[in-house]
Every structure is written in structure tokens, then in C-alpha cells.
Amino acid sequence: IGIDGHISHKTADGRTVDLDYNFPTHTEAFEKLVEVLTTGDAAVIKSMDEISAVGHRIVQGAEVFDKPCLVTPEIIDKIDELRELAPVHNHAHALALRACTAVIPSTTPQVVVFDTAFHQTMPPKAYMFALPYEDYEQYHVRKYGFHGTSHRFVSAALAEAMGKNIEDLKIVSCHPGTGSSITAIKGGKCIDTSMGFTPLDGILMGTRCGAIDPSAVTYVADKHHFTPDEMSQYMNKKSGFLGISGISSDNR
């Protein structure tokens, strides 16, 4: 989406679709997805009326959303309003939600779940940054944490596998991958996590630097004559395993 567009689809019985297609936004991508699922040689349903329910994973719910909720126009607008806190993700989520709502029958329930919701149980001592308090009050600058849907599921699965009540356990949950985070879970609730204001914080990742001295950010930006946006791209897209190795974001 937004670069060299491609869509691939493979059915259980081996029928495939591979198309190069231009997807300027998530709206066009979702419309093509519907077309591929419902028409042509690799169709798997006759229409979107056959869909029983739709789930959407949303990256940033901030302090507004602490649990899943049904999709409404107001909910979509609120997700879009949080775009400054997740500029790469939330506006794209809103575009896809609106496209999905236009195609899916209104009688079909749609639910949004938030990556940040599980971390809303963190105490202030864990989520507050030591910046002037007005930055938290006015601009909502704080630790939010991400991968919450994963950490919630993994910790519950661990308790079940151990045959113990999760309320009696202290767990460190690790979510390794291109984006990685670690969460401390006490009694089934998050008490701290490695990702912060954005998914850039924390441990070394595929193309993200993770936590570094803030002065290194301003120093490198000055040396390269980067704007804030360029420095953000540098740390998000060109650092991590890719930056250190000079070869690949694949840690193998």
C-alpha cells in the first residue's frame, strides 16, 4: 500500500491469485480484497453478506480505549483523531474501517481491538515520562505500550498450560519479531512494558533502533542535517538489525 502494490490470495484447495495493482491507500486495497474474495476463479464466497463478523486490530487507542468495542462512525472518527499518536497507523486504520463499513452489511457486527488497551493497567510510575507535566496534560505524551493483544493472549495461554490461575502468577511475556516488546504481567494485568510513546521504544528490532540516549538522537540529526520527520524515518526504517548489519532486517 503506497508503494509497489501487490495482492496475493491462495485458497485451501490450491487456487491462487497474484496481481500487481496500485493501492494508493487502504481503501483501494480493501476494495480489491473484496473483489478477489467474491469474484473470479479463486473466489471463496458469493458476497460479503456471508461474513459473520469482522475484527480490526488497531495500534493506538491511547487513554480513550481500554477495551474492545463495536464499530460506529463515532468510533472511527475518534480512532482517526488519535493519528498524531500513531501517524503511520491510525489514519490508515480509519480509511480501512470506512471502506469496510461501506461494503459489509450494517447487520454484520464489526469490532475493534486495541494494541494499547492491555497496557492501560500500568500505574503512573510506569507510564509517566519525566517531562514537564503539561506535556502529558496537553499533548498526551506518556508510555502507551503496544502488542497488547499478543501479550494478553500469550500470558493467558501460559497460565492455562501451567494449570494455574493467572491471578496468582507473575509473568514476563516476550513478543519477538520485526517489531519486538517485553511486558511484565502481574495477576493477569500489565504493570510495565518496553515500548513507550510509540512502537519505536524498547529493545532492538528489525529496522527500529529501540531505546537509545535521547541526546544521540539530536546529535545524529544535527550531523545528517535531518528534519524531525527524517530522523524519525531514520530510526524507524533504517536502524535496528538492518542498520547494524548493513545487510538485512532479518536477525538470522
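1. Focus: the layout of surface pockets
Then, in step 1: When its volume is computed, the largest pocket comes out at roughly 1,200 Å³.
Then, in step 2: Within the residue set of the lining of the largest pocket, elements represented by two or more residues are helix H7 (214-224) and helix H8 (228-237).
Then, in step 3: Per-element tally for the lining of the largest pocket: the top contributor is H8, with eight residues.
Then, in step 4: Classifying every residue of the lining of the largest pocket gives 18 nonpolar, 11 polar and five charged.

2. Examining the packing of helix H1 (residues 26-38) against helix H3 (residues 90-103)
Then, in step 1: Close contact between H1 and H3 brings their axes to 8 Å; oriented N to C, the two are set at 35 degrees. In the packing of H1 onto H3, the handedness of the crossing is right-handed. Counted together, His26, Thr27, Phe30 and Val34 of H1 and Ala92, Leu95, Ala96, Ala99, Cys100 and Val103 of H3 form the full contact between these two elements.
Then, in step 2: Broken down by class, the residue content of the contact of H1 with H3 amounts to eight nonpolar, two polar and no charged.

3. Things to note about the sheet that holds strand E3 (residues 54-58)
Then, in step 1: Spatial strand order, E3-E5-E4: three strands in an open sheet with mixed pairing. Each edge of the open sheet is held by one strand with a lone partner, namely E3 and strand E4 (69-70).
Then, in step 2: Here five bridges tie E3 to strand E5 (residues 110-114), and the two strands are oriented parallel to one another. Bridge pairing links Ile58 to Phe114 in E5.

4. With respect to unusual backbone geometry
Trans peptide bonds make up most of the peptide bonds, and negative phi angles are found at most residues other than glycine.
Then, in step 1: Its identity is not glycine, yet Ala62 carries a phi of approximately 50 degrees, on the positive side.
Then, in step 2: Looking at where Ala62 falls in the secondary structure, it is placed in the loop between E3 and E4.
Then, in step 3: With relative accessibility at 4%, the residue Ala62 sits in the buried group.
Then, in step 4: Not every positive phi belongs to a glycine, and His225 is a case in point at roughly 60 degrees.
Then, in step 5: Locating His225 in the fold gives a position in the loop between H7 and H8.
Then, in step 6: With a relative accessible area of 69%, His225 lands in the exposed category.

5. Comments concerning the pairing of strand E8 (residues 189-193)
Along any regular strand, the residues point their side chains to alternate faces of the sheet.
Then, in step 1: Bridge count between strand E7 (residues 181-186) and E8: four bridges; the pairing is antiparallel. Among the inter-strand pairings, Ile185 is bridged to a residue of E8, identified as Cys190.

6. Focus on the environment of Asn165
Then, in step 1: Among the secondary structure elements, Asn165 is positioned in the loop between helix H6 (148-162) and strand E6 (170-175).
Then, in step 2: Measuring from C-alpha to C-alpha, the distance between Asn165 and Pro123 comes to 22 Å, with 42 residues separating the pair along the chain.
Then, in step 3: Here the side chain of Asn165 touches Glu167 through a polar contact of 2.9 Å, landing on its backbone nitrogen.

7. Regarding the side chain of His93
Then, in step 1: Within the element layout of this structure, His93 appears in helix H3.
Then, in step 2: Residue class for His93 comes out buried when judged on its relative accessible area of 16%.
Then, in step 3: Within the structure, His93 has its side chain in polar contact with the backbone nitrogen of Val59 (distance 3.1 Å).
Then, in step 4: Those residues within four positions of His93 in sequence are excluded, and the remaining contacts are Arg57, Ile58, Val59 and Ile79.

8. Describing the side chain of Thr183
Then, in step 1: Looking at where Thr183 falls in the secondary structure, it is placed in strand E7.
Then, in step 2: You can call Thr183 buried: its relative accessible area is 0%.
Then, in step 3: With residues near it in sequence (within four places) discarded, Thr183 still touches Phe118, His119, His151, Ile171, Val172, Ser173, Cys190, Asp192 and Thr193.

9. A look at the pattern of salt bridges
Then, in step 1: With the rule as written, the count across this model stands at 11 salt bridges.
Then, in step 2: Taking the shortest distance from any N to any O, the salt bridge between Asp80 and Arg98 comes out at 3.3 Å. Within this pair, whereas Asp80 is found in helix H2 (residues 73-81), its partner Arg98 is found in helix H3, the two being separated by 18 residues in sequence.
Then, in step 3: Take Arg98: its relative accessible area is 35%, and that puts it in the partly exposed class.
Then, in step 4: Here Arg252 makes a salt bridge to Asp250, at a shortest N to O gap of 2.7 Å.
Then, in step 5: The partly exposed category is assigned to Asp250, whose relative accessible area is 37%.

What counts, and where the lines are drawn
- Residues numbered from 1 in each chain as written.
- Predicted model: local features only at pLDDT ≥ 70, side-chain atom pairs only at ≥ 80, totals over all residues.
- Heavy atoms only, no water.
- 1 Å grid on protein atoms, 1.4 Å probe; cavity = no way out; pocket = protein on both sides within 12 Å on 5 of 7 lines; lining within 4 Å.
- Points joined across faces, edges and corners; volume = space filled by probe spheres on them.
- Helix = DSSP H or I, 4+ residues; strand = E, 2+ residues; numbered from the N terminus.
- Nonpolar A, V, L, I, M, F, W, Y, C, P; charged D, E, K, R; others polar.
- Axes fitted to C-alpha atoms, helices over the stretch in contact; angles between N-to-C directions.
- Left-handed = near helix turned anticlockwise from the far one by under 90°.
- Contact = heavy atoms within 4.5 Å.
- Pairing = 2+ DSSP bridges.
- Buried < 20%, exposed > 50% of the residue type's maximum accessible area, 1.4 Å probe, protein only.
- Polar contact = N/O pair within 3.5 Å; in protein donor to acceptor, adjacent residues only side chain to side chain.
- Salt bridge = Lys/Arg side-chain N within 4 Å of Asp/Glu carboxyl O.

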